[in-house]
Amino acid sequence: IIDAGIFKKMSQDGVDAAPLTTDNEFVRRVYLDLTGRIPTWEQAESFLAEPSSRKREELVERLLDSPAYVDQMSRWFLDRFQVRANQQRSISAPAALGFYDFVRDFVAKDRPYNSFVRDIVTSAGDTDISPAMALLTRPMRSNNSCTRGCFQHKSAATLKTYTTTIQTVALSLR
């Protein structure tokens, strides 16, 4: 359905489709796109030796079901949300790891995006208990001491920025 819409628009605009890649190019590109890594020699050789006419589709499905894909997509989301530990205007390392696990679980379970965004926007409590809260909080320290529960909501302007980021990510995934 998506391809049909793209090819229709390309045809209307007078844009020719690029030729199909070779199997050598395809295996490298699909591994990089879906896992962030090039295939091992054995993985590439196995794909190239496969006689099936559906080997490309089968490889894509196998990679989409792999832990490497979950890691790659989790990193993609974290980059969009700019959640980093121990950096100025960021969150503590335990909160960042909790948010990473929250995002990774979302990707691994293939949860709907509206559910993911709802969990973030409606999160409340301590970041150790509610990892989604990590996106909406920052550490507040006095005299370099901080204990559990010392997180405070960001300013209205920062929350607006995060809301815009969440909306942008949600829209880009439609």
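The structure reproduced in this document is the subject of the present report. What you see is a predicted model; the values in this text were computed from it and never measured.

**A look at the layout of surface pockets**
Once rolled over the atoms, a probe with the size of a water molecule shows which space is left empty. When its volume is computed, the second largest pocket comes out at roughly 290 Å³. Around the second largest pocket, the lining residues are Ile2, Asp3, Ile6, Phe7, Ala17 and Ala18. Here the lining of the second largest pocket is built from residues that sort into five nonpolar, no polar and one charged.

**A look at the packing of aromatic side chains**
In this structure the tally under the stated criterion is nine aromatic pairs. The interplanar angle of 85° and the centroid separation of 5.1 Å between the aromatic rings of Trp76 and Phe77 together place this pair among those described as edge-to-face. Measuring from ring centre to ring centre gives 4.0 Å for Phe106 and Phe116, while their planes differ by 20°; the resulting arrangement is stacked. Remark: Phe116 occurs in helix H7 (residues 113-121) and Phe106 occurs in helix H6 (residues 93-108); sequence separation between them is ten residues.

**What about the pattern of salt bridges?**
If you walk through the whole model with that rule in mind, you get six salt bridges. Taking the shortest distance from any N to any O, the salt bridge between Lys55 and Asp23 comes out at 2.9 Å. Residue Lys55 is found in helix H4 (residues 55-64), and its partner Asp23 is found in helix H2 (residues 23-35); the two are separated by 32 residues along the sequence. For Lys55, a relative accessible area of 10% gives the class buried. On the basis of relative accessibility, which here comes to 25%, the residue Asp23 falls in the partly exposed class. Among the salt bridges present, the one from Asp105 reaches Lys109, with a minimum N-O distance of 3.3 Å. A residue is classified by how much of its surface remains accessible, and Asp105, at 32% relative accessible area, is partly exposed. Salt bridges sharing common partners tie together Asp23, Lys55 and Arg56.

Quick notes on the rules
- Residues numbered from 1 in each chain as written.
- Predicted model: local features only at pLDDT ≥ 70, side-chain atom pairs only at ≥ 80, totals over all residues.
- Heavy atoms only, no water.
- 1 Å grid on protein atoms, 1.4 Å probe; cavity = no way out; pocket = protein on both sides within 12 Å on 5 of 7 lines; lining within 4 Å.
- Points joined across faces, edges and corners; volume = space filled by probe spheres on them.
- Nonpolar A, V, L, I, M, F, W, Y, C, P; charged D, E, K, R; others polar.
- Phe/Tyr/Trp six-rings, centres within 6.5 Å; stacked < 30°, edge-to-face > 60°.
- Helix = DSSP H or I, 4+ residues; strand = E, 2+ residues; numbered from the N terminus.
- Salt bridge = Lys/Arg side-chain N within 4 Å of Asp/Glu carboxyl O.
- Buried < 20%, exposed > 50% of the residue type's maximum accessible area, 1.4 Å probe, protein only.

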